[in-house]
Each structure stands twice: as structure tokens, then as C-alpha cells.
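An overview of the molecular structure
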Amino acid sequence: MLEAEAIAANRANWDDRADVHARSQMYDVDAFLADPDDISSVVRNDLAVLAPHLPESGIQGRSLLHLQCHIGTDTVSWARLGAVEVHGLDLSPNSLRHAARIAEADGRDITWVEGDARFASAVLHRRFETIVTSAGTIVWLPELTAWARSIHDLLEPGGVFVIRDDHPILGAMQFEPWEIDDDYLGGGGARSYSDSGTYTEDSDGQITHTTNHEWRHDLGEIVGALLAAGLVIEALTELPFMDWPAFSDLVPCEQGWTLRDGAPRIPLNFAVVARRPGR
């Protein structure tokens, strides 16, 4: 399949998912809007990684770009924390329609931009002090070289980038029983599958555009792309939790979901903090 066809299929799938997610209990948009102090669990986890690399004032008063922002609850959370000139970019126009509605209901002036995260610098003509992306993002990108270069170009000199995402080892594994059954290393092409549901509750049969295409990106590829783009790696962390129950062995924890006591100790998330040199 041509890359453009795979991207178009993913866009249609995420347009469907946006409607399902916006009405789901997992996102609980009504409760989020009802409590102006609520910060999404994704952003709380991201901020815990990012905070040591911010000034004493934290995210307060810093311009921020959220890549692959989906329906915008995380983007609005960053604005609630005090980020300014907040922008959210996503491939799915329907996701952005929901994001704009949620931000308006919250009284937030956020700029929403439709685009491919690999080429964000082609549609955004300014720089940011902070760029964030997390929780199920880069698996939807065919390659990371342009993505990393775009992040570099969109950062102010001295600006900081954070990615926190599902650990790539999980994509290589089956869990019942636990075994390696797919690539860990990147470069093997797209993994294509059909799924009429999504990661929110009771969603089976709700997705019309069921085709998905994902690409593996191992930690070496991720870090190497950021370094090759001219960024400086300040932190690389592997984490024992994730934001959604990807398989049945996970149990709830403060950060989201983790493995049961006594289970094999493997990373569920990773996080990288990188900075554009300067200042």
C-alpha cells in the first residue's frame, strides 16, 4: 500500500474515533468541562517528566505546541496549567472540530491546526518554548526524520520538547501467553489491521473506517532522529505505567495502569526530553 493511502485510511479511522471518544466515559468531556481545575491524567504524567527541565515558574507563561492533540482535552489541560499561545495540531479534522468545541466551552483561546506531525513546521510559521506529544502518537507516523527536524525548527533556541508514549517493546509482544510475535526494531514497514473498536469503553462496532496502519519505532530510532535533527537529549526514562489498559494483566494505579505485583518487570512507557541549543 502507498504511504499516502495508509495515512488517508488512518485519518478516516481517527475521524470516526473522535466521535466515539468525545462521548466516552474514559474522556468524560462533560465532567472535564464542569471542573475548571481538572487536569487530564495524561498531562499530569507528562508534566512530571517535563517539570525538572522547566524554569521555577514551570509551564506558566510558556508558549506551547501540542502535536497529535486529538480532541483537545490534554491541550486544554496545558492551557489550564498556564501555558500561553497554545496551539494544537492533528491529522484528523473531526478531532479538531471536537477540540475547538471543548476549548470554546472552557473559554480558552487555542489555535487548532490540521496537519501531519512530520511536517508541522510547514503549516506553523512561528516558534514555541515548549512542544509536547504523548500517549499513542508516533506509531501513526511512517518515519521520524522529518518529524524530529520539524520539532527542532519549531522550537525557540533553548526551547524544550517532551515525548512520553507507549514503550515500543509492547508492540512486539503478545500477552496471553507472553511472547514476542512482531518487530521491535523499526524499518519493517507498516503493520496493518482492522478493528471496529477503539481504546475507550464499550466501543466495539462503533468505528466505520476500521483499517489501521502503524509503524514500529524503537528507542534507538527515536533518540537517533532527535539527535540527528540537532536537539540535545536531557533525559531518557522507561516507566512502569501507561495511560490505558492495553492488555488484561494491567491493574489501575495512580498514573493510569501498571502490571500486577509479581509480573515480569518490563517498561510500559518511555519518555524523552530534548532541548534545542541556544540562549
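The structure under discussion appears in the preceding block.
Here goes a summary of the coordinates provided. Note that this is a predicted model, so its numbers are computed, not measured.

Criteria and thresholds
- Residues numbered from 1 in each chain as written.
- Predicted model: local features only at pLDDT ≥ 70, side-chain atom pairs only at ≥ 80, totals over all residues.
- Heavy atoms only, no water.
- Helix = DSSP H or I, 4+ residues; strand = E, 2+ residues; numbered from the N terminus.
- Rg over C-alpha atoms; globule rule 2.2 N^0.38 Å.
- Buried < 20%, exposed > 50% of the residue type's maximum accessible area, 1.4 Å probe, protein only.
- Lys, Arg positive; Asp, Glu negative; His and termini not counted.
- Charge placed at Lys NZ, Arg CZ, Asp CG, Glu CD.
- Pairing = 2+ DSSP bridges.
- Axes fitted to C-alpha atoms, helices over the stretch in contact; angles between N-to-C directions.
- Parallel < 35°, antiparallel > 145°, perpendicular 65-115°, else oblique.
- Contact = heavy atoms within 4.5 Å.
- Nonpolar A, V, L, I, M, F, W, Y, C, P; charged D, E, K, R; others polar.
- Polar contact = N/O pair within 3.5 Å; in protein donor to acceptor, adjacent residues only side chain to side chain.
- Phe/Tyr/Trp six-rings, centres within 6.5 Å; stacked < 30°, edge-to-face > 60°.
- Right-handed = clockwise from strand over helix to strand, strands pointing away.

Looking now at the overall build of the chain. Counting secondary structure elements, the chain contains 8 helices and 14 strands. A compact globule built from 279 residues would reach a C-alpha radius of gyration of about 19 Å, and the chain, at 18 Å, matches this within 12%. For the chain, the spread of C-alpha atoms along the principal axes amounts to about 50 × 45 × 40 Å. The 279 residues of the chain split such that 52% are buried. Side chains of the chain carry 21 positive and 44 negative charges; the gap between the two charge centres is 6 Å.

Next up on the list: helix α4 (residues 73-80). Here α4 lies mainly inside the structure; 8 of its 8 residues are buried. Phi for Gly 82, located one or two positions after α4, is positive at around 115 degrees.

This part takes up the environment of Arg 149. Secondary-structure assignment places Arg 149 in helix α7 (residues 145-154). With relative accessibility at 44%, the residue Arg 149 sits in the partly exposed group. Separated by 82 residues in the primary sequence, Arg 149 and Leu 231 have C-alpha atoms spaced 8.9 Å apart.

To continue, consider the sheet that holds strand β13 (residues 256-259). The strand order across the open sheet built from 3 strands is β11-β13-β12, with neighbouring strands paired in antiparallel fashion. What marks the edges here is a single partner per strand, and that holds for β11 (241-242) and β12 (250-253). Relative to β13, β11 is paired through 2 bridges, and the arrangement is antiparallel. Counterpart to Phe 241 in the pairing with β13 is Thr 258.

To continue, consider the packing of helix α1 (residues 3-22) against helix α5 (residues 93-105). α5 packs onto α1 with a crossing angle of 30 degrees between their chain directions and a minimal axis gap of 7 Å. It follows that α1 is roughly parallel to α5 by the angle criterion. On the side of α1, the interface is formed by Arg 11, Trp 14, Asp 15, Ala 18, Asp 19 and Ala 22, while α5 contributes Pro 93, Asn 94, Ser 95, His 98 and Arg 101. Residue classes in the contact of α1 with α5 are distributed as 4 nonpolar, 3 polar and 4 charged.

On to the side chain of Asp 46. Looking at where Asp 46 falls in the secondary structure, it is placed in helix α3 (residues 41-50). At a separation of 2.7 Å, a polar atom in the side chain of Asp 46 contacts the side chain of Ser 134. With residues near it in sequence (within four places) discarded, Asp 46 still touches Trp 78, Ser 134 and Arg 164.

Another point: the packing of aromatic side chains. Throughout the structure, instances matching the rule amount to 2 aromatic pairs. When the centroid spacing of 5.4 Å and the interplanar angle of 85 degrees are considered together, the rings of Trp 14 and Trp 140 count as edge-to-face. Of this pair, Trp 14 sits in helix α1 while Trp 140 is found in the loop between β4 (128-134) and α7, placing the two residues 126 residues apart along the sequence. When the ring of Trp 147 is compared with that of Phe 161, the centres are 5.7 Å apart and the planes differ by 80 degrees; the resulting orientation is edge-to-face.

Below, the discussion takes up unusual backbone geometry. Excluding glycine, most residues fall at negative phi; most peptide bonds, likewise, are trans. One non-glycine residue, Asp 28, adopts positive backbone phi at about 45 degrees. Tracing the sequence through the fold places Asp 28 in the loop between α1 and α2 (29-34). Its identity as a non-glycine residue notwithstanding, His 70 has a phi of 55 degrees, on the positive side. Among the structural elements, His 70 can be located in the loop between β1 (63-67) and α4.

In the sheet, strand β2 (residues 84-90) pairs with strand β3 (residues 111-114) via 4 bridges, with the strands oriented parallel. Residue pairing across strands places Leu 89 opposite Val 113, the latter belonging to β3. Once the chain exits β2 it traverses α5 before rejoining the sheet at β3, and the crossover so formed is right-handed.

Quick look at the sheet that holds strand β5 (residues 155-166) now. Pairing in this open sheet of 7 strands is mixed, and the strands run β3-β2-β1-β4-β5-β14-β10 from one edge to the other. Of all the strands in the sheet, just β3 and β10 (232-239) have a single pairing partner and so form its edges. For this sheet the average axis-to-axis angle between neighbouring strands, irrespective of direction, equals 15 degrees. In terms of strand pairing, β4 meets β5 through 6 bridges, oriented parallel. When the bridges of β5 are listed, Ile 131 appears paired with Phe 161. Across the sheet, α4 is in contact with β1, β2, β3 and β4; its angle to β2 comes to roughly 170 degrees.

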